[in-house]
Amino acid sequence: PPVIRREDYLPPAWLVPEIALDFTLGLTATRVVSKLHVARNPDGNGASTLRLNGDQITPLAVRVDGAAVSDWRLDGADLLIELSGDAHIVEVETQVNPAANSQLMGLYASNGMLCTQCEAEGFRRITFFPDRPDVLSTYSVRMTGDKTTFPILLANGNCTAQGENADGSHWAEWHDPWPKPSYLFALVAGELVSNHSTFTTMSGRKVDLNIWVRPGDEDRTQHAMDSLIASMKWDEETFGREYDLDLFNVVAVSDFNMGAMENKGLNVFNTRYVLADPETATDGDFDAVEGVIGHEYFHNWSGNRITCRDWFQLSLKEGFTVLRDQLFSADMGSEAVKRIEDVRILRAAQFPEDSGPLAHPIRPDSYQEINNFYTATVYNKGAEVIRMMRTMAGPEQFRKGTDLYFDRHDGEAATCEDFVKAIEDGAGLDLKQFRLWYSQAGTPQVSVSLSHEGSTATLKLTQKVPATPGQPDKQPMPIPLRVALFDRDTGAHAGEKLVVLDKPSDTFTFDGFAKPPVLSINRGFSAPVSIDFDREAEDLVFLAANDDDPFARYEAMQNLVVQHLVTAVSGGLSDETRAAGRAAIGKAFTAILTDPALDDLMRGELMILPAEGYLAEQMLIADPGAIHTEREALKAWLGRECADDLTALHDRAVAVPYSRDAAARGARKIKNQALVYIAAGNAQEGARRALDQYRAADNMTDRQGAVLVLASLDVPEREEALADFRSRYEGNALVIDKWFSLQAGSFHPEVLANIRKLAEHPDFTMTNPNRVRALYMAAAVNPKAFHDASGDGYRLIGDLIRRLDPINPQTAARFVPSLGRWRRIEPVRAAMMREELERIAAEPSLSRDVREQVSKSLG
Ligand code: B3K
Ligand code: ZN
């Protein structure tokens, strides 16, 4: 498959200032007439050939300036038309079968309705077009369809006319005044009902807002609507960005490859990021709805008004928009907890990517299939990189930078370089060396040592950026680290400092310390690096109890556990050192359980043990079996050791009635955390409490928390809860997804056999990505199932990839990275993982998506 390279970028030869699309809608046959106003690009190469991309479509008719032509030709999937002048009108007719579109790219049918997904290259599956983000056009759309099948007809922009035909069909015309790339085109047609509201923008313009769902789901849309209104207000206040159309539509569809899509004025969402009520959605689900609604809305400026020149610049819109949605969620709830959650996601998803065969810079240099580059690196590390700029500039100066960026590039298809330059100019930063964060992959490792002499503490920092595929040698990068030095006796520090390590190695001195201070470093996770600092457990216990930076406090607790478990897994603990290590952890854990000054949301966060995947990342070669055993043993020990505090905590939380306020959410969080440890220490007590919690539950957070614990236990209460859960929520797809996930993600002794059985369940289907992920992604990230010593977990995922690839390659390819981690796993399992990749590679007709990921993983 051809490799697309960033350095080969050429401006388009032809532009399309205007396009008119006419759809005759049908679930199995939709007719598309597309009328392009094309104009030779003065900055192009002057070619007389117009190249229009296509994918699995054929031209049924081609007209140039109104006259049918036949001298067009196909080059692969692309349509080539010779043009003599500088501007022409080109019309092309195509027909597609939405019901047969199981890839869910382009125009497809979901649940009886029609919808589109065009990013990145889906528009070419609808009609022939220069399907690249630097071709911006003004869109007019006309749709005609049966009134009963498609009562609601939506597209981007504003509805300009509608009417009925004598044959029972009706039509609507939509116009979007803002020029946009084809990936932002959208159309939706079907039976939908809306939650309607309005928002008045900062300049006093009234905007109509609709959240469209299937009839019956409207009662679960209010949180999405509240989140949308909050997003609109927040973007005005925080970034000075005002909405620019009179209408904003959000549509929820149940078959969707990812979370949601920011189409101009017509966001299309996975139902799971729209529908929420206390009975069916957990507190985490509510937060996810708020975050994704915000994310897609914020794209209106960071993505739509300013889009990407080419797909290598994807982080321009995604990294920046993730940062914007993170800051939004932080402002809506607890900043401290949000930061910890964001770092946990980065470490779980991005660090492994950055240290494996699929590592790439946030601005990649090449790709085979662009869908494979919607990654945690481009999104989450991309956000971290921009966050570092904000940390170095300070929020006010950073805002000057973003103002300049929006102002300078509005209406353009821009590059990451444009963004950096605007921040540099607007915020007054020198980002010359900082640009390496865009070009170098790999998580920098910072080694730390602290020495003390007289009254001076000296901090020595050394950085190393590991080699990644195609990048054997790296240059040192500027790493902004927020540090504080604590006085051991007073438990206080004299103020936080920002040090920027921009050399291979550097030292920083701090005066005024009679005794060696305790170092708190990378506070707030100011840089996306891993810190290597061998330190006394005692210092970590101190920071876990005293650090005034909430992230650093969490980090101290994590490090305490990581140090202990990594040594335990490597067989480095004697009975004595194991007991001492556990005692230190137990002491810190007890402090967390009982500290009256902690709010429960934060307490719940601090109670979470480092994930098995994160522990594996700390080792050159990991033994997942040993990691699982040691981590479970520690959990059980904590459950027994802290039993009284845990049951007291659980009892206290159970007494708090349901509400959506922070205190009640905090209570639910610690309730579920406490239950996990109680069950680990004493299965019978855990099962009893879990079943009580399940029966008494009046909300999904409590119910799911109880089932989560029961699903891992080999007890009779397990069956009762699972059976009740299923029958209670029969017909509610999102909750049935949970029913699959909870079982596939469990540590039950028979988890793998259970998963195989669930795959045969009548409610399972390979054509719905949410259901596939509910079962198989839960399995792939479940270390007990995936890394089962038999290798059956690898086979499960390998079989899935091979069966799913012909149906939905984009979703199938998402499962490859878990197998791709084989180089970092102990040899027996590694061989089985590799074998599975080879089995996939041997398939004769793999998609480009899976082919790229598998060949790089074997590479
Ligand atoms: N921009 C879309 C992602 C499209 C993914 C295409 N494979 C959603 C988002 O990031 O907001
Ligand atoms: Zn996005």
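All values derive from a computational prediction rather than experimental measurement. (Residues numbered from 1 in each chain as written. Chains lettered and ligands numbered in written order. Predicted model: local features only at pLDDT ≥ 70, side-chain atom pairs only at ≥ 80, totals over all residues.)

Colleague: Account for the sheet that holds strand β25 (residues 445-453), with residues named and values stated.
Modeller: The mixed open sheet is built from four strands, whose spatial order is β29-β26-β25-β31. Two strands in the sheet have a free side with no partner beyond their single neighbour: β29 (505-511) and β31 (530-532). Direction aside, neighbouring strands of the sheet carry axes that sit 25° apart on average. Direction of pairing for strand β26 (residues 456-464) relative to β29: antiparallel, over a ladder of seven bridges. Residue A457 lies in a different strand from β29, and its bridge partner there is F510. (Pairing = 2+ DSSP bridges. Helix = DSSP H or I, 4+ residues; strand = E, 2+ residues; numbered from the N terminus. Axes fitted to C-alpha atoms, helices over the stretch in contact; angles between N-to-C directions.)

Colleague: Outline the UniProt feature "domain: Peptidase M1 membrane alanine aminopeptidase" (unreviewed entry) in the chain, supporting the account with residue identities and numerical values.
Modeller: The UniProt record annotates "domain: Peptidase M1 membrane alanine aminopeptidase" (unreviewed entry) at residues 224-434. A helix fraction of 55% and a strand fraction of 9% characterise residues 224-434, whose end C-alpha atoms lie 37 Å from each other. (UniProt positions renumbered as here; feature names shortened; annotations may be inferred.)

Colleague: Which residues make up the nonpolar core, and what values do they have?
Modeller: In this structure, L114, V188, V251, V268, V274, A779 and I797 are the most contacted members of the largest nonpolar core, which totals 242 residues. Contacts of V251, omitting those with residues within four sequence positions, involve C115, L154, V188, L192, W212, L266, V268 and F269. (Core = buried A, V, L, I, M, F, W, Y, C linked by C-beta atoms within 7 Å. Buried ≥ 20, exposed ≤ 12 C-beta atoms within 10 Å, placed from the backbone. Contact = placed C-beta atoms within 7 Å.)

Colleague: Explain the UniProt feature "domain: Peptidase M1 alanyl aminopeptidase C-terminal" (unreviewed entry) in the chain residue by residue, including any values.
Modeller: When the UniProt feature table is mapped onto this chain, "domain: Peptidase M1 alanyl aminopeptidase C-terminal" (unreviewed entry) is found at residues 538-858. Note that residues 538-858 is 74% helix and 0% strand, and that its end C-alpha atoms are spaced 43 Å apart.

Colleague: If you had to explain the site of ligand 1 to someone new, which residues and values would you point to?
Modeller: Neighbouring ligand 1 are the residues E119, A120, M258, A260, M261, E262, H295, E296, H299, E318, N371 and Y374. If you list the elements that add at least two residues to the shell around ligand 1, you get β20 (260-261) and α2 (283-298). Here the shell around ligand 1 is composed, by residue class, of five nonpolar, three polar and four charged. (Near = placed C-beta within 6 Å. Nonpolar A, V, L, I, M, F, W, Y, C, P; charged D, E, K, R; others polar.)

Colleague: Quick one: what's the story with the pairing of β26, residue by residue and with numbers?
Modeller: Burial of β26 is one-sided: the residues A457, L459, L461 and Q463 facing one way are buried, the residues T456, T458, K460, T462 and K464 facing the other way are not. With nine bridges joining them, β25 and β26 adopt antiparallel strand pairing. Across the sheet, the residue bridging to Q445 is K464, located in β26. Linking β25 back to β26 in an antiparallel pair, the connection comprises two residues, with G454 at a positive phi of about 60°.

Colleague: Go over the sheet that holds strand β4 (residues 49-52) with me, naming the residues and quoting the values.
Modeller: Reading across from one edge, β4-β8-β7 is the order of the three strands in this open sheet, with antiparallel pairing throughout. At either margin of the open sheet sits one strand with a lone partner, and together these are β4 and β7 (73-75). Each strand of the sheet is rotated relative to its neighbour by a mean of 35°, with strand direction disregarded. By the bridge criterion, three bridges tie β7 to strand β8 (residues 78-82) in an arrangement that is antiparallel. Residue pairing in the sheet places D75 in a bridge with D78 of β8.

Colleague: Describe in detail the packing of α2 against helix α3 (residues 314-332), supporting the description with residues and values.
Modeller: α3 packs onto α2 with a crossing angle of 135° between their chain directions and a minimal axis gap of 9 Å. With respect to α3, the axis of α2 lies oblique. Handedness of the crossing formed by α2 with α3: right-handed. Between α2, through D287, E290, G291, G294, H295 and F298, and α3, the contact on the second element is made entirely by T321, V322, R324, D325, F328, S329 and M332. Tallied by class, residues from the contact of α2 with α3 come to four nonpolar, five polar and four charged. (Parallel < 35°, antiparallel > 145°, perpendicular 65-115°, else oblique. Left-handed = near helix turned anticlockwise from the far one by under 90°.)

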